[in-house]
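Overview (structure and organization)
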Amino acid sequence: MMLRIARLHATEILDSRARPTLAVTLTTDSGLRVRAGVPSGESTGSREAAELRDGDPHRFAGQGVQQAVSHVNVQIAHALVGQRFASVADVDAALTELDGTADKSRLGANAVIGVSLAAARAQATLYGRELWQDIAALSGAPPLLPVPHFNVVDGGAHAANNLDFQEFMIAPLGAPSLPEAVRAGAEIYGRLKARLTAGRQVAGLGDEGGFAPAVDRPEDVLREMVAAITDAGYTPGRDGVAIALDPAASEFRGPDGRYRIAGEPLTSDELIDRYEEITHRFPVWSIEDGLGEDDWDGWARLTARLGERIQIVGDDLFVTSPAIIAEAVRKKVANSALIKVNQIGTVTETLEAVRVSREAGYTQMVSHRSGETEDSFIADLAVGAGCGQFKSGAPARGERVAKYNRLLEIADLDPGLPFGLTSG
Ligand code: PGA
Ligand code: ZN
């Protein structure tokens, strides 16, 4: 079967942070119409594919995406409409060639990923498959319902509090099924809210729907989380409910190379010591971006020190780039890759990043961005690519819940799908 594009149309819509983003509509020659929404990060890696923003201060404070919209409607449409494609891989190759830059900065990675997501959805619809089934066919991996990681406390660039670590996640590793994992996330979120409210520490929500409490030491948050897990009737730990951190450390590393936590300057090795202590005191099973993206030597030491005991995830460090992940494997840096579609810019390259990670024995966690739409594409991506782990923010707010609810729908439609970190 061939994918023949009859019409491509982008428009400016809003993301969850009241910033413009793109919605791309693709119509096939058989009259099928699909749509995709484009996510956008805030604490971005410097080597990410380049999002195109208008920079016109009179519209959306410079954040408009009218140029990227126009690139879809004019240049990309001109190149793709009327063409026949054997697969989304061919659409992605055409997009990459048309852009011609290494970071997709000419057309804009936001324009390119919007078209790629829409093409993947169109292909699945043409084949009469669920999106995750089509992605499974593309990836060749055994499909798997992933363990959701619910971000329940926000700090860093995602909240206006004094917390330096960006994300504190609930990871129901011991849950027997996806619905039970979602239930645990929601129940613990509720218990945590009650605790923070009683302690007068709640200062609203962060961008991903986690609470933004008025505390500054990460250990104080972890203590509340463990208490909330217990309050909700679960056992803290890997057999029950564990915790995952995304400090997003590039954001609190100063020009002097020191990391500042609650005002205290730490060297890479002092911060690694702090992480080690945290993993002994609290059931933390995974740390993402524990060090800055320029601190590769520190990353190698962090991995050597803690990599046998916990998961060490590269996000800003890897930017979903197959080449950078391959370099990290050679240098024994991290043991897990975060997977974000708009960091690399096409579905095909995203699946390549998953494949490189898997072949090296690195685990994979599919991730949303802090700026999201209601599009739930990444839920199908996580299942179809068999990644085993997934993060989409809090178990609250429509744009976050859309993804968890899609996982629940997939689980309901196909009760035979395995759930967990691995299919084995
Ligand atoms: P971002 O944050 O979408 O703002 O980059 C998410 C993350 O760091 O994992
Ligand atoms: Zn991150």
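Right above here is the structure, for reference.
This report concerns the structure included in the present document. Quantities reported herein were computed from a predicted structural model and do not represent experimental measurements.

1. Details of the coordination of the zinc ion (ligand 2)
In the first shell of the zinc ion (ligand 2), the protein supplies Asp 246 (OD), Glu 288 (OE) and Asp 315 (OD), at 2.0 to 2.2 Å from the metal. Linear spacing of the donor residues for the zinc ion (ligand 2) on their chain is D-x41-E-x26-D. Here Asp 246, found in strand β7 (residues 242-246), pairs with Glu 288, found in strand β10 (residues 284-288); they are 42 residues apart in sequence, far enough to count as distant. The buried category is assigned to Asp 246, whose relative accessible area is 0%.

2. With respect to the pairing of β7
Buried residues dominate β7, accounting for five of its five residues. Looking at chain direction, strand β6 (residues 167-171) and β7 are connected through five bridges and run antiparallel. Paired with Phe 168 across the two strands is Leu 245, which belongs to β7. Both β7 and β10 contribute to a ladder of three bridges, which runs parallel. Residue pairing for β10: Leu 245 is matched across the bridge by Ile 287.

3. A look at the sheet that holds strand β3 (residues 33-37)
Whether parallel or antiparallel, the strands of a sheet pair through hydrogen bonds between backbone atoms. Here four strands make up an open sheet; going across it, the order is β3-β2-β1-β4 and the pairing antiparallel. What marks the edges here is a single partner per strand, and that holds for β3 and β4 (84-85). Inspection of the sheet shows strand β2 (residues 20-28) paired to β3 by five bridges, in the antiparallel sense. Residue Val 24 lies in a different strand from β3, and its bridge partner there is Ala 36. The strands that helix α1 (residues 66-80) touches are β1 (3-14), β2 and β4; relative to β1, the one it contacts most, it runs at about 175°.

The rules we used
- Residues numbered from 1 in each chain as written.
- Chains lettered and ligands numbered in written order.
- Predicted model: local features only at pLDDT ≥ 70, side-chain atom pairs only at ≥ 80, totals over all residues.
- Heavy atoms only, no water.
- Donors = N, O, S within 2.8 Å, 3.2 Å for Na, K, Ca; no water.
- Helix = DSSP H or I, 4+ residues; strand = E, 2+ residues; numbered from the N terminus.
- Buried < 20%, exposed > 50% of the residue type's maximum accessible area, 1.4 Å probe, protein only.
- Pairing = 2+ DSSP bridges.
- Contact = heavy atoms within 4.5 Å.
- Axes fitted to C-alpha atoms, helices over the stretch in contact; angles between N-to-C directions.

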